[in-house]
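# Understanding the architecture of this molecule
Listed below, chain by chain, are the residues.
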Amino acid sequence: MRVAVLLLALLLVVPAAAGAEGASRGRDLFFSRCAECHGADLTGVRADPSRRGAEDKVPAGPPLLGVGELAADFYLRTGYMPLDDAAEQPRRSTPSYSERDLRALVGFIASFGGPRTPDVHPARGSTSVGLKLFVENCAGCHQVVGAGGYVTGAEAVALDDATARQIAQAVRIGPYVMPRFTERQISNRELDSLVRYVLYAQDPRDRGGWSLEHLGPVSEGIVAWLVAGAALLLVARVIGERIR
Amino acid sequence: MRWLWSALALLLGRGRREPIAPSAVERPRIVPREDPSPRAELAVLALLGLATVAAVAFIVVYVLDRLPSQTQLLGLTLGLAFAFLSAALVVTARRLVPVEEVSEPYPEPQPSAEADEIVQILDESGERVTRRRLLKVAAAGAGATLGAALVVPAASLGPVAYPDALRRSPWRRGLRLVDSNGRPIRAGDIEGKSLYTAFPRGASHEELGSPLVVVRVEGTRLDLPDGRDPDLWAPEGIVAYSKICTHAGCAVSLYRTPLYEPTSKSPALVCPCHYSTFDPATGAGVIFGPAGRPLPQLPLEVGADGTLRARGDFSEPVGPSWWGVRRR
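Cut-off values and rules
- Position labels on residues start from 1 in each chain and follow its written sequence.
- Chain letters start at A and ligand numbers start at 1, both assigned in the order the entries are written.
- Where local features are concerned, this predicted model is filtered to residues with pLDDT of at least 70; where side-chain atom pairs are given and counted, the filter is 80 or more; whole-chain, interface and lining totals use all residues.
- Under the DSSP-based scheme used, a helix requires at least four consecutive residues in state H or I and a strand at least two consecutive residues in state E, with every element numbered from the N terminus.
- In this scheme every C-beta is placed from the backbone, and a residue whose C-beta has 20 or more other C-beta atoms within 10 Å is buried, one with 12 or fewer is exposed, and one in between is partly exposed.
- Contacts are defined on C-beta atoms placed from the backbone: any two residues whose C-beta positions lie within 7 Å are in contact.
- Each nonpolar core comprises buried Ala, Val, Leu, Ile, Met, Phe, Trp, Tyr and Cys residues, the members being joined through C-beta atoms within 7 Å.
- Simply put, an axis is a line fit to the C-alpha atoms, just over the touching stretch for a helix, and the angle between two N-to-C directions goes from 0 to 180 degrees.
- Each angle is binned into one of four classes, with values under 35 degrees roughly parallel, values over 145 roughly antiparallel, values of 65 to 115 roughly perpendicular, and all other values oblique.
- Three classes are used, and their members are as follows: Ala, Val, Leu, Ile, Met, Phe, Trp, Tyr, Cys and Pro are nonpolar, Asp, Glu, Lys and Arg are charged, and the others, Gly among them, are polar.
- How sure the predictor is of each residue is captured by pLDDT, a score from 0 to 100.
- The pairing criterion is simple: DSSP has to find at least two bridges between the two strands.
- Should the near helix be turned anticlockwise from the far one by less than a right angle, the crossing is termed left-handed; should it be turned clockwise, right-handed.

### As for the overall build of chain A
In terms of helices and strands, chain A carries eight helices and two strands. Along chain A, from the amino end to the carboxyl end, the secondary structure elements read α-α-α-α-α-β-β-α-α-α. Buried positions account for 28% of the 244 residues belonging to chain A. In chain A, of all internal contacts separated by at least 6 residues, the share reaching a separation of at least 24 is 64%.

Spelled out as structure tokens, the structure:
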């Protein structure tokens, strides 16, 4: 009996200890890597040119209180954070942290409350509904095929490498200069369709044969004309007779 | 397998053994006698056979319908079938069919009685017309009016004939703002950092004056032009502008809205066609791009039930600018 109680106690204590270890790891990582720009109390840092940090850069960053697992997970997994220069647009790169550190950091930031990543099930969505939503809300910047584009002063990123989770997160956060879309504008059900369409657009089924890198109909037409024209000239040369 | 060979042998053999029928009456030959060309015949047969094989392959690929590179294989097989068929025709034309030219001298043109007759007919036909001048005038009149009938519709291209059409919009005082699904938009639904498209309730979405962009501007940033009272034009910081760009009439569908303003660009409405950029806080003044005037603003009010309604019509005409757009 005593052994059983001991075992039970052990079972309860070990995960709790592991959780505590993760939390302290997250806190340590935050203070060593993030606090300079986001503030030790997570309330953000206003740029102050007289105060310079590492590599003579002016640290500045938004508050992270209440951004929740949603934003922390998105920014760290896309490699948007850490950012060298606060005035630059964050760009997709390989995440700077191992899966374990990443979880610890996200856990730490999420412990102050805030929204969670919406559950996405692209399989439950409809590609055509997604296309309609994408055209209405996203294609203005990202183009209808998700190839990206420009707004004045910033880049609308290409969606080639975005995962289902990241698409859903970006819709709810509105990273950098992107507007955010609330559940009233795009419901979670509609989000499933939207994500399904973006995933389809990343690798569309090319019914016409070779996609030619999706150059577009005009360039594809030119290729067809050049190939067919050369072949026709060759045939004419073979079967025709020279005018003497 | 064996029967296939025998069938082939039979086919080839029969082709070779065809006797030349002796003609009943001997006539002098036109086409010079040439020896039969079994090699050319064989080549044509082989090419036709290959065309058949390629066509069968096309049918097989089409029926299977799950091969990798299905489209490419379909194109390749059908293309090869046509290529072999045309090669067979080329060989037939060049090696098997004799070429014989037949020429005939073209007759010299000569003045004939027929031509004189036509001239006479023309002369005599005119005798019936007595009021020649009047007919000419009438024909000229008909021609001129018909020409005018073709030209007059061009007036629709500009505001000359219908000066009010370009200034018309469906917005009236008290008209509700609804989203693309027809649901009314409540002031409480409009969040910062989000872009909303709204339409007048019951009006066509296709009409140029219908669509709006609605955003919420932080109170401190709001700086509307003189004469626009923020309480009437931006209740609770909510502003509504025409979604139609004043440059070329595209839909202003980009909302540049910084997640954290101190480190990125200021909020702006951007047209994706030519990057005209408007500041929603200052009455959609142009801050970049080819647009020549701000987006028209719609005055708003929040109804007792919390829904957004128009307080009147736009501040200026909607749509691409034209000569005289500022004249009123």
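### Brief notes about the overall build of chain B
Per the secondary structure count, chain B includes six helices and eleven strands. The burial tally for chain B puts 24% of its 328 residues in the buried class. Taking the contacts inside chain B whose residues are at least 6 apart along the sequence as the reference set, 56% of them involve residues at least 24 apart.

### So, the nonpolar core
By size, the foremost hydrophobic cluster in this structure holds 81 residues, and its most contacted members are Leu 194 and Val 198 of chain A together with Val 214 and Leu 269 of chain B. In this structure, Leu 194 of chain A is in contact with Gly 130, Leu 133, Phe 134, Val 171 and Ile 186 of chain A, ignoring residues within four places of it in sequence. Ranked by size, the runner-up nonpolar core spans five residues in total, among them Val 44, Leu 47, Ala 51 and Phe 84 of chain B.

### Thoughts on the packing of helix α4 (residues 127–137) of chain A against helix α7 (residues 188–202) of chain A
Residues and elements named next belong to chain A. Following both chains from N to C, one finds α4 and α7 inclined at 90°, their axes separated by 7 Å at the closest point. It follows that α4 is roughly perpendicular to α7 by the angle criterion. Between α4 and α7, the residues in contact are Thr 127, Val 129, Gly 130, Leu 131, Leu 133 and Phe 134 and Glu 190, Ser 193, Leu 194, Arg 196, Tyr 197, Val 198 and Tyr 200, respectively. Of the residues assigned to the contact of α4 with α7, the class counts are eight nonpolar, three polar and two charged.

### What about the confidence of the model for chain A?
Per-residue confidence for chain A gives a mean pLDDT of 85; residues scoring 70 or more make up 90%. In the model, residues 13–18 of chain A has pLDDT below 50 throughout and makes zero contacts with residues more than four positions away in sequence or in other chains.

### Side note on the interface of chain A and chain B
Opposite the 28 residues of chain A that make contact, chain B presents 28 residues. Elements supplying a minimum of two residues to the side of chain A that touches chain B: α5 (139–142) and α8 (217–239) of chain A. The residue makeup of the side of chain A that touches chain B, split by class, is 16 nonpolar, eight polar and four charged.

### Here's the deal with the pairing of strand β4 (residues 238–242) of chain B
Within a regular strand, side chains alternate between the sheet's two faces. Residues and elements named next belong to chain B. Of all five residues in β4, five are buried; the element is thus mostly enclosed. Both faces of β4 are covered, namely the face carrying Ile 238, Ala 240 and Ser 242 and the face carrying Val 239 and Tyr 241. Pairing analysis gives five bridges linking strand β3 (residues 212–216) to β4, with the strands arranged antiparallel. Bridge assignment links Val 215 to a residue of β4, and that residue is Val 239. Relative to strand β9 (residues 297–298), β4 runs antiparallel, the two sharing two bridges. When the sheet's bridge partners are listed, Tyr 241 is paired in β9 with Gln 297.

### Structural notes on the sheet that holds strand β2 (residues 196–200) of chain B
Strands sit in the order β1-β2-β3-β4-β9 (chain B) across an open sheet of five strands; the sheet is antiparallel. If you trace the sheet from one side to the other, it starts and ends with β1 (177–178) and β9 of chain B, each paired once.

### Points about the environment of Val 177 of chain A
One can find Val 177 of chain A in the loop between α6 (164–173) and α7. Under the C-beta neighbour-count criterion, Val 177 of chain A is labelled buried, with 27 such atoms within 10 Å. Put simply, Val 177 of chain A and Ala 156 of chain A are 21 residues apart on the chain and 8.6 Å apart in space, counted from C-alpha to C-alpha. If sequence neighbours within four positions are ignored, Val 177 of chain A has contacts with Val 151 and Ala 154 of chain A together with Arg 256, Thr 257, Pro 258, Ser 264 and Lys 265 of chain B.

### Some remarks on the packing of helix α2 (residues 68–77) of chain A against helix α3 (residues 99–110) of chain A
Residues and elements named next belong to chain A. α3 packs onto α2 with a crossing angle of 150° between their chain directions and a minimal axis gap of 8 Å. Looking at the two axes, α2 sits roughly antiparallel to α3. Handedness of the crossing formed by α2 with α3: right-handed. Across from Gly 68, Glu 69, Ala 72, Asp 73, Leu 76 and Arg 77 in α2, the residues of α3 making contact are Leu 102, Leu 105, Val 106, Ile 109 and Ala 110. A class-by-class count of the residues in the contact of α2 with α3 yields seven nonpolar, one polar and three charged.

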